[in-house]
There are 2 protein chains.
Amino acid sequence: MATAFLGPRGTFSEEAALLHAGRAGRVEADGAEPALIAFASFPALTAAVETGLATDALLPIENSIEGAVSATLDLLIHETPLKIAAEVALPVRHFLVTAPGATLADLRIVTSHPQAFGQCRRFLERCLPEAEQVAALSTAAAVQAVAGGDDRARAAIGTARAAELYGGSILAHDIQDTRANLTRFVVLAPEDAAPTGDDKTSLAFTVRANVPGALHAVFTYLAEAGIQMTKAESRPTKGWLGEYVFLVDIEGHRTDPAVARTLERMREKCAVLQVFGSYPRFPVESLRELVDRPMPLP
Amino acid sequence: MATAFLGPRGTFSEEAALLHAGRAGRVEADGAEPALIAFASFPALTAAVETGLATDALLPIENSIEGAVSATLDLLIHETPLKIAAEVALPVRHFLVTAPGATLADLRIVTSHPQAFGQCRRFLERCLPEAEQVAALSTAAAVQAVAGGDDRARAAIGTARAAELYGGSILAHDIQDTRANLTRFVVLAPEDAAPTGDDKTSLAFTVRANVPGALHAVFTYLAEAGIQMTKAESRPTKGWLGEYVFLVDIEGHRTDPAVARTLERMREKCAVLQVFGSYPRFPVESLRELVDRPMPLP
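Residues numbered from 1 in each chain as written. Chains lettered and ligands numbered in written order. Predicted model: local features only at pLDDT ≥ 70, side-chain atom pairs only at ≥ 80, totals over all residues. Heavy atoms only, no water.

Peer 1: Can you walk me through the pattern of salt bridges in this structure?
Peer 2: Any two side chains of opposite charge can pair if their charged atoms end up close together. Tallying each qualifying case throughout the model produces 36 salt bridges over all chains. The closest approach of N and O atoms between Arg184(A) and Asp249(A), which form a salt bridge, is 3.0 Å. Of the two residues, Arg184(A) sits in strand E11 (residues 182-189) while Asp249(A) sits in strand E14 (residues 244-251), which places them 65 residues apart along the sequence. This pair shows no difference in class: Arg184(A) is buried, exactly as Asp249(A) is. A salt bridge links Asp74(B) to Arg235(B); the nearest nitrogen and oxygen atoms lie 2.8 Å apart. Remark: Arg235(B) occurs in strand E13 (residues 229-236) and Asp74(B) occurs in helix H3 (residues 70-79); sequence separation between them is 161 residues. Taken together, the shared-partner salt bridges in this structure form one network comprising Glu62(A), Glu87(A), Arg184(A), Lys200(A) and Asp249(A). (Salt bridge = Lys/Arg side-chain N within 4 Å of Asp/Glu carboxyl O. Helix = DSSP H or I, 4+ residues; strand = E, 2+ residues; numbered from the N terminus. Buried < 20%, exposed > 50% of the residue type's maximum accessible area, 1.4 Å probe, protein only.)

Structure follows, in structure tokens:
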């Protein structure tokens, strides 16, 4: 029972994998952390599950600021036979981490992944306007380098998890500009999940090129069945410019009679219809309170 | 009359800017090339037009393999008041460029942008299996470094335009794996274009959260008016996970009566409706022949 995630340890992916394992009730008998295995690339994650190295794999699929994670969508569309068996969502929280004992007045250098600098621009401008910004390969690598050393002039931007893993001190929390910065992850496994009564189903389809209004027909079927969409995106088919694979998430389980009937109707209008799986809906709305209010340190 | 493009010179963006200037009839009196100005970032391109440094700016908006160019979509949605006044599309063609006089047997090192290595994987595996791959900041920079030197052991992957600009020799052409690798660019200007009878209109909208089936209603209005969509994408609103801005391209000019009437109907169902502009349709289908057949050297 091990979940594969995009390493190194101390990344948001590891936090999400721990959240998933906790929700799935995977607590080791001795209270130890559930088994996670870090891999270095997205294709390695799916390969690990396909070959039995891991039970399931957690991949980021969309972020509320950056949008879709194309690499994950393309793996689902073109490469892996794995199904979506669960989802989790997590607010992106950045922490200012130092070697133990450092204070704000000591800091001369801030190191992190360049994307983290962009997401913490306001904090850096206000609180560390003179500090030099040095790029690192990942937020986890930045925290590891700073936390393990004794250079009090140096801080890293990263996760609370990385600070904990590598022994750093948290000098400031939630230094990101936008609180509504959330990432949704999907958990891929050989089979999707059984119905729970509060489920989602992820689909991808292409419409027959010669059927005018086929896309409209598909949306009409969903509307007639009263099925709400919770996501609507597109990716290129990679065949020709202007040809798309549409990816939608709908409410309900694929075995619900209304959903099953609508999928049958859609099949007539679609050149290809892939069902990526049905799985319990993650209560994203529960994160709103967490994101709207000042957050305590973990 | 100058077009701003994403530099340096010798990139696909410069090729597209030359194609646009030629189509717009901008040939200098002395036969010289039309005036182009290179900028280093997407926001610099729109700022150049907004402040009068350039007449218009050319930005990539989608690629048939990689998908949407999020940075351009987000500029249109959130930042610039500029309109789309034209579009051009271009096949991505890669060339193996050397210093004059080099032969295949001489080559030990190939340099280019890492994305170009990925797009030419099959050629490299077959024809240069022993060559070391060295990363460069852009295909143009790789070609400049190789073409200007006298190191016959070194080749670059880049555009024919870069080989011409920097004096390199083209040893092999169309070494990309996929021929249907096309990029579409939009031209942003203070005003969009007048009707020509063969136009497209680009829109972005969000639907009112409390109107069930609002997205379906929007597609119904388009279908009832017989208006075809040529693109359908989404971007996050950046407000909350699962809230999207939908971006669609439709056939017709915004001043066509059927289009104008449909836009009015859509406005009632949309929280926000942005019209990015109407402009002459680029004949993408004319590229199919170019892409399907062996291409002569330029």
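Once you've had a look at it, read on.
Peer 1: In this structure, what is going on with helix H8 (residues 214-224) of chain B? I would like to understand it.
Peer 2: Residue and element names in this part refer to chain B. By the criterion of burial, H8 is predominantly enclosed, with 8 of the 11 residues buried. Among the residues of H8, Ala214, Leu215, Ala217, Val218, Phe219, Thr220, Tyr221 and Leu222 are the ones counted as buried. Where H8 terminates, the next one or two residues include Gly226, which has phi positive at roughly 70°.

Peer 1: Looking at this structure, I do not really get the relation of the copies chain A and chain B. What am I missing?
Peer 2: One copy of the chain maps onto the other through a rotation about an axis plus a displacement along that axis. You can overlay chain A on chain B at an RMSD of 0.0 Å; the transform is a turn of 180° with a shift of 0.0 Å along its axis. Considering both components of the superposition, the chain copies are consistent with a two-fold axis. Looking at the rotation axis and the C-alpha trace of chain A, the residue lying nearest is Glu233(A), at 2.9 Å. The fraction of interface residues of chain A whose copies in chain B are also interface residues reaches 100%, indicating that both copies meet through the same surface. (Least-squares fit on C-alpha atoms with pLDDT ≥ 70 in both. Contact = heavy atoms within 4.5 Å.)

Peer 1: Help me understand the domain arrangement of chain A in this model?
Peer 2: How big an interface is tends to be expressed through the accessible area that disappears when the partners come together. Splitting chain A by domain gives domain 1 (3-91 + 181-191), domain 2 (95-179) and domain 3 (199-280). Taking only C-alpha atoms, the centre of domain 2 of chain A and the centre of domain 3 of chain A are 43 Å apart. (Domains from an automatic or database assignment.)

Peer 1: Explain the environment of Arg122(A) here, please?
Peer 2: All names here are of chain A. For Arg122, the position within the fold is in helix H5 (residues 121-127). Since its relative accessible area comes to 38%, Arg122 is described here as partly exposed. A sequence separation of 167 residues divides Arg122 from Glu289, and the C-alpha atoms of the two residues are 22 Å apart. Here Asp177 takes part through its backbone oxygen, which lies 2.9 Å from a polar atom of the side chain of Arg122. (Polar contact = N/O pair within 3.5 Å; in protein donor to acceptor, adjacent residues only side chain to side chain.)

Peer 1: Honestly, the sheet that holds strand E6 (residues 95-98) of chain A in this entry has me stumped. Any pointers?
Peer 2: Across a sheet, strands are paired by hydrogen bonds formed along the backbone, either parallel or antiparallel in direction. Residue and element names in this part refer to chain A. Here 5 strands make up an open sheet; going across it, the order is E8-E7-E9-E6-E10 and the pairing mixed. In this open sheet, the two strands that pair with only one neighbour each are strand E8 (132-135) and strand E10 (169-173). For this sheet, the mean angle separating the axes of adjacent strands, direction not counted, is 30°. The sheet contact formed by strand E7 (residues 109-112) and E8 spans 4 bridges and is parallel. By the bridge assignment, Ile109 is partnered in E8 with Glu132. Running over the sheet, helix H6 (residues 139-147) touches E6, E7 and strand E9 (154-158) and is turned about 150° from E9. (Pairing = 2+ DSSP bridges. Axes fitted to C-alpha atoms, helices over the stretch in contact; angles between N-to-C directions.)

Peer 1: Teacher, can you tell me more about the packing of aromatic side chains here?
Peer 2: To describe a pair of aromatic rings, you give the distance between the ring centres and the angle between the ring planes. Considering all chains together, one arrives at 5 aromatic pairs over all chains under this definition. Pairing Tyr244(A) with Phe246(A) gives two aromatic rings, centres 6.3 Å apart and planes at 50°, and the pair type is tilted. By relative accessible area, which is 10% here, Tyr244(A) ends up buried. Judged by its relative accessible area of 10%, Phe246(A) is buried. Relative to Phe246(B), the ring of Phe205(B) has its centre 5.8 Å away and its plane inclined at 35°; by these criteria the two rings are tilted. Of this pair, Phe205(B) sits in strand E12 (residues 199-207) while Phe246(B) sits in strand E14 (residues 244-251), placing them 41 residues apart in sequence. Residue class for Phe205(B) comes out buried when judged on its relative accessible area of 1%. A network of ring pairs unites the aromatic residues Phe205(A), Tyr244(A) and Phe246(A) as a single cluster. One cation-aromatic arrangement involves Arg288(A) over Trp240(B); the distance from NZ or CZ to the ring centre is 4.2 Å. (Phe/Tyr/Trp six-rings, centres within 6.5 Å; stacked < 30°, edge-to-face > 60°. Lys NZ or Arg CZ within 6 Å of the ring centre and 35° of its normal.)

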